[in-house]
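Spelled out, the chains give:
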Amino acid sequence: MEGRRAFTVKAFLVGSVLSFFLSIACPYTVLMLHTAGMSADFITAGAVFLFFLLVGANGIVRKLKRSWALSTSELIVVYIMMIVASAIPTWGLVANLLPVMTGAFYYATPENGWKDLIWPYIPNWLVPDDLEAIKHFYEALPEGAPIPWGVWVRPLLAWGSLVLSIYFVMVCMMVIMRKQWIEHERLVFPLTQLPLEMVREEGAFFRSRLMWTGFALAFVLPSFLGLHHYFHFVPPVQMQRVFYIFRRTTRLRVFLNFPVLGFTYFINTNVAFSLWFFHVLSRVQTGTFNVMGFSLKGHNEVFTGSSPSVSHQGMGAMIVLVAFGLWTARRHIGAVLRKAFGGRSELDDSDEMLPYRTAVWGAILGLCFIALWLRASGMSFKVVVMFMFGAFVVFLGLARIIAEGGVGFCRAQMVPPPFVVYGLGTEALDTQTLVSLGFTYAWSTDIRTTVMASTINGFKLADTLRVHKRSLVWAIFPAVLVAMLGSVWMTLKLAYTYGGINLQSWFFGGLPRTAFGFVADKLRNPVTPDMVFQRWLFTGIGAGVMGLLMFARHRFVWWPLHYLGFPIGDTWVMEWVWFSIMLGWLVKVLILKYGGIRLYRDLKPLFLGLILGQISCAGIWMIIDFMTGTSGNYIYICLLYTSPSPRD
């Protein structure tokens, strides 16, 4: 079926302007106002809030002069540009990248010895070559001094080539997998439900009393917390409670999050059950091991699970998830490859964003460039192979989990640098390789949002509204460029004006110290073969359990436990959302049991209102904070967390 015309100059201009706005507003609100990270997670809250305002404004424009208004397909193109742009400004890339580029220099002290231990192994083209410029990046420029843009040009061009290659490979992979995930497997894509409802032409969504009821509930309760920040006589509404179990060795957090509760309503009940069940089960495992005094040798690294054992189990599970997904798609992938290499294939790619030949060769050449870049940065060849394997397993696995489970807040239990070090042991790694691994913390560790996941959600939106996807080339790639340029400019400007260490403690302190502290620790405390064996043992256990779960799920109709929660159940992010997922699961089960599918459909607007209400609450309070010059209100109106540190 011929798709509707999507790309217009009007849609491109509106999408570019809003993408640029997100790229500067998100760093500003996080770094200056210390508010919730509206571009921090897969939920892309900033894009949702702007889209809500845009749809409302577009309705007014349509009544005044219809030709000036954006069509439904144009609105969706704008939204796709915004969710792609949201994956870049803060946790997705830039706020991580700039401090990691410079942290080894600024945080070097006589005590940690980084000057002798790390500096000699840093390639000159990878970092700014002016120590004064680096110092002022963290401590602010003297009054009247100009920002030293020039010292950043070379390293940013070098890093930009890597990042653009990574994003291009991500897009190519999603082009290849789109038909399999959307048409063949018919994954649910819960994160697309809200924007789709907002653009329905009859406008039923905004006329629904149920929607506004949910909106009001999710808007008003967090607003009491925001008001308390301004007026302490207003009582705060406590939305979280922390419990310590297993002789206070293990933490279990109860936190009410309306967007998570709302999205859970659109997830299959067995998937929702698995998400919270595996979190509780993992904490029970960690607590049991703590009480028994059992622990794997070595550290439990930042960005992993609550213990080394469950962290490596999660990586094994993620590997099996990706491998099984590729095996399931083998016929489709085979047809794509035949199409790409000129063989006989009836597969039609006329409505794909890129021709399959371009997507396949783009992925191959992009991966080769990434490998060469990492090799040039000092990483040995065998480590490049293992690191890229681990990184793209995580990227693909999370994209699959987002598409099927709609978990807007999630992260992998194991990240590539520790996976490589504990998988090979430090005897197999030279100092240059370890330093290169430290720099990968900029883009491969705090993975809470990716261009890959935004792209596949965008493809689902385009499919649902029959938007011709070939034109999305002019939406996705410009959005990436605009977001990179805008966020780099804003982050550098804020850092040199106010001093990075005065802005945000995690980005400008915790992350760079974590990255190069990891390097220094492994240089001084080698990972021995017995430690490697233990880690691979639990990786194998995780892979085996995941394989059994997937086998049971696909072989036995009666099997109740889904496998999707196992690779991500024990993370700091899941710690915050498991209770809301459990609550949403319970509500949906009761509705289906006693009201049936009809009641479930009738109540959809209520849960969409819960999502939109708290996101709008965060957005409105950010505007108020900006106008009043108030900072620190993220503690009270946040979408997810109360601390910028991932280890809280």
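Calculation criteria
- Residues numbered from 1 in each chain as written.
- Predicted model: local features only at pLDDT ≥ 70, side-chain atom pairs only at ≥ 80, totals over all residues.
- Heavy atoms only, no water.
- Helix = DSSP H or I, 4+ residues; strand = E, 2+ residues; numbered from the N terminus.
- Rg over C-alpha atoms; globule rule 2.2 N^0.38 Å.
- Buried < 20%, exposed > 50% of the residue type's maximum accessible area, 1.4 Å probe, protein only.
- Contact = heavy atoms within 4.5 Å.
- Areas by Shrake-Rupley, 256 points an atom, 1.4 Å probe, with all protein chains shown as cover.
- Lys, Arg positive; Asp, Glu negative; His and termini not counted.
- Charge placed at Lys NZ, Arg CZ, Asp CG, Glu CD.
- Phe/Tyr/Trp six-rings, centres within 6.5 Å; stacked < 30°, edge-to-face > 60°.
- Lys NZ or Arg CZ within 6 Å of the ring centre and 35° of its normal.
- Salt bridge = Lys/Arg side-chain N within 4 Å of Asp/Glu carboxyl O.
- Polar contact = N/O pair within 3.5 Å; in protein donor to acceptor, adjacent residues only side chain to side chain.
- Axes fitted to C-alpha atoms, helices over the stretch in contact; angles between N-to-C directions.
- Parallel < 35°, antiparallel > 145°, perpendicular 65-115°, else oblique.
- Left-handed = near helix turned anticlockwise from the far one by under 90°.
- Nonpolar A, V, L, I, M, F, W, Y, C, P; charged D, E, K, R; others polar.

*Asks:* Explain the overall build of the protein to me, using residue names and the numbers behind them.
*Replies:* Counting its regular elements, the protein contains 26 helices and two strands. Taking 26 Å as the expected radius of gyration for a compact globule of 648 residues, we find that the protein reaches 24 Å, a close match to that expectation. A principal-axis box enclosing the C-alpha atoms of the protein has dimensions of 65 × 65 × 65 Å. Taking all 648 residues of the protein together, 61% fall into the buried category. For the protein, contacts bridging at least 24 residues in sequence account for 83% of all contacts bridging at least 6. Total accessible area computed for the protein in this model is approximately 24900 Å², and 65% of it derives from carbon and sulfur atoms. Taking the 51 positively charged and 33 negatively charged side chains of the protein as two groups, their mean positions are separated by 8 Å.

*Asks:* Explain the packing of aromatic side chains residue by residue, including any values.
*Replies:* Throughout the structure, instances matching the rule amount to 51 aromatic pairs. Residues Phe303 and Trp506 carry aromatic rings whose centres are separated by 5.9 Å and whose planes lie at 75 degrees to one another, so their mutual orientation is edge-to-face. Taken as a pair, Phe303 in the loop between helix H12 (269-292) and helix H13 (308-328) and Trp506 in helix H21 (residues 505-524) lie far apart in primary sequence, 203 residues in all. The exposure class of Trp506 is buried, given its relative accessible area of 7%. An aromatic cluster is defined as three or more aromatic residues linked by ring pairs; in this entry it consists of Tyr106, Tyr107, Phe137, Tyr138, Trp152, Tyr496 and Phe508. In this structure, Lys593 is placed above the aromatic ring of Tyr594, and the distance from its NZ or CZ to the ring centre is 5.7 Å.

*Asks:* Got a sec to walk through the pattern of salt bridges? Specific residues and values, please.
*Replies:* In the structure shown here, the tally under the stated rule is 19 salt bridges. Asp521 is the partner of Lys522 in a salt bridge, and the nearest nitrogen-oxygen pair spans 2.7 Å. In this pair, the class of Lys522 matches that of Asp521, namely buried. Salt bridges sharing common partners tie together Arg178, Lys179, Glu183, Asp351, Glu352, Asp463 and Lys469.

*Asks:* Tell me about the side chain of Asp446, and please be specific about residues and values.
*Replies:* Positionally, Asp446 belongs in the loop between helix H18 (431-439) and helix H19 (451-464). Within the structure, the side chain of Asp446 is placed 3.4 Å from the side chain of Trp91, a separation counted as a polar contact. In contact with Asp446, not counting residues within four places along its chain, are Trp91, Asn96, Phe303, Arg411 and Trp506.

*Asks:* Please give an account of the packing of helix H16 (residues 381-405) against helix H17 (residues 416-424) that cites residues and values.
*Replies:* As a packed pair, H16 and H17 sit with axes 9 Å apart at the nearest point and diverge in direction by 130 degrees. As summarised for this structure, H16 and H17 are arranged oblique, according to the angle between their axes. When you trace H16 past H17, the crossing you get is right-handed. Taking contact as the criterion, the partners of Val383, Met386, Phe387, Phe389, Gly390 and Ala391 in H16 are, on H17, Pro416, Pro417, Phe419, Val420, Gly423 and Leu424. Among the residues making up the contact of H16 with H17, the classes are represented as ten nonpolar, two polar and no charged.

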